[in-house]
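Survey of secondary and tertiary structure
These are the residues of each chain, in order.
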Amino acid sequence: MIELRLDVEDLADTRFVISPLAETALSLRVWLLPHYYVLQLPWLRSAAGALGDLDIRLLLALVGTHRAVPDFLTARPDDPLPDFAAELDRVRRVPPDKVASDIRVALQGRPTPAVLAEELDRPARLRDRLAELLAAYWDAVLAAQWPRIRGVLEADLLYRAQRLARGGARLLFADLHPTIRWRDGMLRLDLSYPHTELRIPITGRGLVLMPAVFLRTPGLPLNVDEPPVVSYPARGIATVWETAPPTRPGVLTDLIGRPKATLLACLDGPTSTTDLARRLGVTPGAVSQHLAVLRDAGLVTRSRAGRSVLYARTPLGDRLLHPS
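In this text, all values refer to a predicted model and were calculated from it rather than measured experimentally.

Only one face of strand β3 (residues 180-183) is buried, namely the one carrying Ile180 and Trp182, since none of Arg181 and Arg183 on the opposite face is buried. Strand direction decides the pairing type here: β3 and strand β4 (residues 186-189), joined by four bridges, are antiparallel. By the bridge assignment, Trp182 is partnered in β4 with Leu187. Hairpin connection, β3 to β4: the antiparallel pair is bridged by two residues, and Asp184 has positive phi, about 50°.

Here you go:
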C-alpha cells in the first residue's frame, strides 16, 4: 500500500500531463510480455514489421520482464503536452550519475543484462546512445501512431477534467483505476512496487496524473524524491488500434443515413476527427461535414483538449442510438 497525502493546496494544484517519451519507454515492455499486454497486441504486430533491422536489445534491457522503468525515462514533463523531441533533449541533459543510479534502482537487485552491463560504467556515453536509440525507435514504430494515441489520451484528460469539475477529488479518483482509492485527504494505491508500505507527503510539490496507453496498472516514480506523478491506464486503449466500424446502427440508418449513424455509434467517448476518419476509412473532411450536421441537430458536442478538438454524443444522441 502506497499513500500520497494531499492538502487543499495540493488538490488545487493537481493537473494532468501527456508524455510521448514515457509512452515510448513503457511500450518496450510489450515486446517482452505480449501475453500481459493483450490490448496492445495490434500495435505490436504492426511495430514488429516496422522495426526493420533496428537493434533494440539495449532498450529492452532497461525494462526487463519485471516491468520497472528507470525514472529518467518517465519523469514528470514540464509542459502538459510536450513533443517527443523536447522530452528527448531533456534526457540528453540528465546527469550521468542519475542515469546509472536510476537504471540500478529499476533493476531492483536483479542481475544486470550483459548488453547493459557493458555500458553502465560509462553512463554519459550510455545516456547518449540511449537517446539515439529512442529517437530511432520512435521514428520506426511510434511517430506515425502518435496522433491516434494522443487523441485517446486527450479524450481521457477531458473526461477527467469534467469529473473533477462535477464532483471534486472524490469523483475524479473514483474510477481512475481499481487499485486507486481516495479518502480523507489520502490517495491510496494498492501497488506491490516500488515499495510495499510507503507514505509520501505531496505538500508543495503538486500531484500530476499521467494517462498512458502502454500501461495496465498505475505506477509511481521508483525514487520517492522525484516530483510526484501517478501514471494510470487511459480510457479507451483498445480503440487506439481499432479500424473496423461498429455494427450497423439499424433503423437509425434510415433516419439520418448510414455515414452519420455510423459516426454517432463511434462516439462512445470523446474522439477526434482524425481518429474517426482513420477508423472509418474516409477523409477527415468528410467526417467534419457529417459532424457539423450532427452538432447542429444537437446530437454531438465539441470540446477542445490540448491540440485536439474532440466530439462526443449528447444525451439526445444517446437516446437516438439506444432507444431502450
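On we go from here.
For the pair helix α6 (residues 96-107) and helix α8 (residues 123-141), interaxial distance at closest approach is 8 Å and the crossing angle is 80°. The orientation of α6 relative to α8 falls into the category roughly perpendicular. Facing Pro96, Val99, Ala100 and Ile103 of α6, the residues of α8 in contact are Pro123, Ala124, Leu126 and Arg127. Here the contact of α6 with α8 is composed, by residue class, of seven nonpolar, no polar and one charged.

Moving on, we get to the packing of aromatic side chains. Under the definition given, this model contains seven aromatic pairs. For the pair Trp43 and Phe214, a centre-to-centre distance of 4.9 Å together with 70° between the ring planes defines the contact as edge-to-face. Remark: Phe214 occurs in the loop between β6 (208-212) and β7 (229-233) and Trp43 occurs in helix α3 (residues 41-50); sequence separation between them is 171 residues. Accessibility expressed as a relative area gives 0% for Trp43, which makes it buried. Overall, Phe214 belongs to the buried group, its relative accessible area being 0%. An angle of 55° between the planes, with centres 5.8 Å apart, marks the rings of Trp138 and Trp146 as tilted. For Trp146, a relative accessible area of 10% translates into the label buried. Ring pairs connect the aromatic residues Trp31, Trp43, Phe214 and Trp241, which therefore count as one cluster. Geometry around Tyr36 places Arg216 over its ring, the cationic atom sitting 4.2 Å from the centre. Above the face of the Tyr159 ring, Arg235 is positioned so that its terminal group lies 3.7 Å from the ring centre.

Cut-off values and rules
Residues numbered from 1 in each chain as written. Predicted model: local features only at pLDDT ≥ 70, side-chain atom pairs only at ≥ 80, totals over all residues. Heavy atoms only, no water. Buried < 20%, exposed > 50% of the residue type's maximum accessible area, 1.4 Å probe, protein only. Helix = DSSP H or I, 4+ residues; strand = E, 2+ residues; numbered from the N terminus. Pairing = 2+ DSSP bridges. Axes fitted to C-alpha atoms, helices over the stretch in contact; angles between N-to-C directions. Parallel < 35°, antiparallel > 145°, perpendicular 65-115°, else oblique. Contact = heavy atoms within 4.5 Å. Nonpolar A, V, L, I, M, F, W, Y, C, P; charged D, E, K, R; others polar. Phe/Tyr/Trp six-rings, centres within 6.5 Å; stacked < 30°, edge-to-face > 60°. Lys NZ or Arg CZ within 6 Å of the ring centre and 35° of its normal.

Structural measurements only, silent on function.
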